[in-house]
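The chain contents come next:
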Amino acid sequence: MTDREWVVFDLETTGLSSEWDHIIQIAAVRMRAGRVCGSESFFSYVDPGRSIPSWITQYTGVGDRDVRGAPRVDRMLADFSAWVGTSTLVAHNGHRFDMRFLQAGCVRHGLATRPVTYHDSMWLSRLLWPQPRLRHGLDAVLERLRLTSATARRHDARGDVELLGRAVESMAEQLSRRSEPWELRSAEGVLPGS
DNA sequence: GCTAGGCAGGAACCCCTCCTCCCCT
């Protein structure tokens, strides 16, 4: 499963609804052969074209001043798509959150799209720890893996993607050591392209 | 539009429908 290149990414947005809300920050790291390539990262603020709600600034640390002059979502998505190339995307709760925002951005701007394969790192967590009633949120996963960082700021895309990259690395390594067969679920989303 | 939207997964029940909880910002 780790023979393909993976791009682990995280979005910060103005809220939870891909219909009503907008991306304000994206960060990503590339993984090769199951290892995060520290030198290969992607980061951008995104101008949502409207004021960022104060509770979102409190939550993420991202305010109007940060996104002023930043690319709009259509430009960011095009740049991100070029950077991703043929890699498989990975995001935490990406199936229900991040991938929907990527799709919504493409639809909103009428961008031609290409298919992109993705995994949800929550699926990795459920595969590794299938016990019922176990939580699989990022905080719970980080706690089980005993992953902390003195520098990574949670709820900033750069901080979250640093921690998520290490979590994905660790979970993939633990799964690869298993003797019994297993299969990681994948799905198809979209990025700009043709 | 604003602290909220919507899906996944389980239960009950027989193949969909309903319910509850999770998880992201």
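Below, the structure is looked at part by part. (Residues numbered from 1 in each chain as written. Chains lettered and ligands numbered in written order. Predicted model: local features only at pLDDT ≥ 70, side-chain atom pairs only at ≥ 80, totals over all residues. Heavy atoms only, no water.)

Mapped onto the secondary structure, Ile23 falls in strand 2 (residues 23-32). Exposure remark for Ile23: the relative accessible area of 3% places this residue in the buried category. Among all residues touching Ile23, those that are not within four sequence positions of it are Leu11, Glu12, Thr13, Val46, Pro48, Val73, Met76, Phe101 and Leu102. (Helix = DSSP H or I, 4+ residues; strand = E, 2+ residues; numbered from the N terminus. Buried < 20%, exposed > 50% of the residue type's maximum accessible area, 1.4 Å probe, protein only. Contact = heavy atoms within 4.5 Å.)

A separate point is the sheet that holds strand 5 (residues 113-120). Pairing is mixed in the open sheet, where six strands are placed in the order 3-2-1-4-5-6. The strands lining the two open edges of the sheet, one partner per strand, are strand 3 (35-45) and strand 6 (187-192). The sheet shows a mean angle of 35 degrees between the axes of neighbouring strands, direction not considered. Where strand 1 (residues 6-13) and strand 2 come together, eight bridges link them in antiparallel fashion. Along strand 2, the bridge assignment pairs Val7 with Arg30. Of the strands in this sheet, strand 1, strand 2, strand 3, strand 4 (88-91), strand 5 and strand 6 are in contact with helix 3 (residues 73-84), which crosses strand 2 at around 0 degrees. Packed onto the sheet, helix 7 (residues 157-176) meets strand 1, strand 2, strand 3 and strand 4 and runs at close to 145 degrees relative to strand 1. (Pairing = 2+ DSSP bridges. Axes fitted to C-alpha atoms, helices over the stretch in contact; angles between N-to-C directions.)

Attention shifts here to the pattern of salt bridges. Inspection of every chain in the model, using the stated rule, returns twelve salt bridges. Taken together, the shared-partner salt bridges connect Glu5, Arg30, Arg32 and Glu40 into one network. (Salt bridge = Lys/Arg side-chain N within 4 Å of Asp/Glu carboxyl O.)

This part takes up unusual backbone geometry. If you check the backbone angles, Asn93 has positive phi at about 65 degrees while not being a glycine. Residue position: Asn93 is located in the loop between strand 4 and helix 4 (98-108). In this structure, His155 is a non-glycine residue whose phi angle is positive, near 75 degrees.

Attention now moves to the environment of Glu173. The residue Glu173 is located in helix 7 in this model. One polar contact links Glu173 to Arg35, side chain to side chain, over a distance of 3.4 Å. (Polar contact = N/O pair within 3.5 Å; in protein donor to acceptor, adjacent residues only side chain to side chain.)

Close contacts around DNA strand B come from 28 residues, with Glu12, Trp55, Tyr59, Arg96 and His136 the closest. Taken together, the sugar and phosphate atoms account for 48% of what DNA strand B places within 4 Å of the protein. Contact distances for DNA strand B include 3.2 Å between a sugar or linking oxygen and a backbone N or O atom of Thr13. A distance of 3.1 Å is found between a base oxygen of DNA strand B and a backbone nitrogen or oxygen belonging to Trp20. Sorting the residues of the surface near DNA strand B by element identifies strand 1 and helix 1 (54-60) as the ones contributing at least two each. (Near = heavy atom within 4 Å.)

These figures come from the coordinates and say nothing about function on their own.
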